[in-house]
Every structure is written in structure tokens, then in C-alpha cells.
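Each chain is listed here by its residues.
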Amino acid sequence: MKILLIRHGDPDYEHDTLTEKGRREAELLAKRASSLAMGSCYQSPLGRAMDTAQPCLKATGKDAEVLEWLQEFPAQLDLNKDPELSRAYPGAKMADGKYLIRNVWDMAPGYWTEHEEYMDRREWRNSKVAECSDMEVVYDRVIREFDAFLAEHGYVRERNHYRVEKESTETVTFFCHFAISCVLLSHLWNVSPFVLWHGLVLAPTSVTEVVTEEREQGIAYFRGTKVGDISHLYAGGEEPAFAARFCEVYSNEDQRH
């Protein structure tokens, strides 16, 4: 079985759609769509993911089913529960003297790398971020839905691998988002989601591919054959968008800090 995780194009977050650059990226991805052999397609309910999927679906004559759990990872963090945690999120916004609710990723490396619980696949659940957010509940709900999806396709989660109840050579494609892709990969690979959130950049319209290996009959594991592939952008002469990245050097004020 093969899973393709496709991130949405360069986002206009305010209007939950794509920028003009994002639309160019989506059109270039669509030129590659047939060769991707996308199989059954699924999409996040958010507009930017749907707008990315549409050119590919049109090019291939496919439809995509909306899966609610493919939306961008919706865990919410309340820094007011522990204001000391605000140093992990420089630039955290405030209103009326209180911190605004925010997402749980994009932590400063000077903080998360000094707290090893974020690097551990189990101990992140005991972290300060988990304590001050609904992350654990949301994570478990997402992976429960993901495992139910895989079970329908013949792969049943059994401890840290998948039991093969029915062999499959099909491909499924998820049009979704950066953080939720990292959550799904963290579950497949048995690692902390924080490691992937901070160790990977999946550029807009990038394609990540994982495939099953069944070296022992009845036992499958998913391995990545490509992560964050944007060759369709290079083929079309389009520079990758900077979304999901931060400044390479601190003195560069033109890049996100």
C-alpha cells in the first residue's frame, strides 16, 4: 500500500485559500498528477487544501472524499495556564493582558531542545505543552481515525507495526497540511510529533510518499520513499514558497522569525 501526503499550496490563511503563487504551484502539481497514480483521493475540509486538490482532480477526472480529521492539526495551547511557557513561543500575541490561544507547534529551538520530553514518543504527553493544551486528546483522536482508515484497507495496528489482514497494492492520496502530515508520520514511524514538526519542512504542494514493506508475512511497516518532493515546481521554474520555514540567519529581516 502507498500513501501520498500532499501539502496545500502557498496559503492565504486569512481567507483560507491560496495566494496567486499557491495557485501556480497547484497547477504545476496537476501537470504531475497523472504520473503520481494517486488512486483514491481524500482531502481536508479546509479551503486551502481543497483549492490545491481541485486542479489535480480535474486533470485526472477523480473525486475526493472529505475527511474531517485531515484538517490542520487543531490542538490549542493556552499560555495563560503557565506564562513561563511563553518563552517557547517568542512573539506570542496578547489581547487585554492575556495570551491568545495558539497552535502547539513552531516552538523556539532554544526551548524544546532543552526539554528532552519533547523528543520522546511517549514522554511528550507529560510535557508542559501537553499540560496546557488539548494536544493529547486531539492527537489520539486523529490517530484513532487514521488507524480505522488503514484497517479498512487491510492494515490493522498491532503495537508498533501493522498486521496485514489483506494485502494491498493500492495508492491513497491525502490533500492536507504540514502539521497533520507530521502527526500521521509520527504515528507510522513511532516518533514524537515534535521531532517532525521541528525537523522537517514540507514545502507547499510538496509530495511525501510512504509505502508498506512486508518482509515478514503478515507484518507491515511504512517507509518513506520521498519526503517533501517539489520536483514539479523546479520543472515549472517556480521557486518553492517559504511557508513553514523560519529565517536561515537571524539578521535576515525579510524572512519569518
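Description of the structure in this document. (Residues numbered from 1 in each chain as written. Predicted model: local features only at pLDDT ≥ 70, side-chain atom pairs only at ≥ 80, totals over all residues. Heavy atoms only, no water.)

1. Regarding the packing of aromatic side chains
Then comes step 1: On inspection of all chains with the given rule, the structure shows 16 aromatic pairs.
Then comes step 2: Ring centres 5.8 Å apart and planes at 80 degrees place the aromatic pair Trp69 and Phe174 in the edge-to-face group. Note that Trp69 is positioned in the loop between strand S5 (64–66) and strand S6 (94–95) and Phe174 in strand S10 (residues 171–176), a separation of 105 residues in sequence.
Then comes step 3: Through a chain of ring-to-ring contacts, the aromatic side chains of Phe73, Trp105, Tyr111, Tyr118, Trp124, Tyr139, Phe194 and Trp197 assemble into a single cluster. (Phe/Tyr/Trp six-rings, centres within 6.5 Å; stacked < 30°, edge-to-face > 60°. Helix = DSSP H or I, 4+ residues; strand = E, 2+ residues; numbered from the N terminus.)

2. Describing the side chain of Arg157
Then comes step 1: Mapped onto the elements, Arg157 comes out in strand S8 (residues 155–158).
Then comes step 2: Side-chain polar atoms of Arg157 contact the side chain of Tyr162, separated by 3.2 Å.
Then comes step 3: One polar contact links Arg157 to Asn190, side chain to side chain, over a distance of 2.7 Å.
Then comes step 4: What Arg157 contacts, discounting residues up to four positions off in sequence, is Asp147, Tyr162, His187, Leu188 and Asn190. (Polar contact = N/O pair within 3.5 Å; in protein donor to acceptor, adjacent residues only side chain to side chain. Contact = heavy atoms within 4.5 Å.)

3. Considerations on the pairing of S8
Then comes step 1: With four bridges connecting them, S8 and strand S9 (residues 161–164) associate as antiparallel partners. Bridging from a neighbouring strand, Glu158 pairs with His161 of S9.
Then comes step 2: Where S8 folds back on S9, the antiparallel hairpin that results is connected by two residues, among which Arg159 adopts a positive phi of roughly 55 degrees. (Pairing = 2+ DSSP bridges.)

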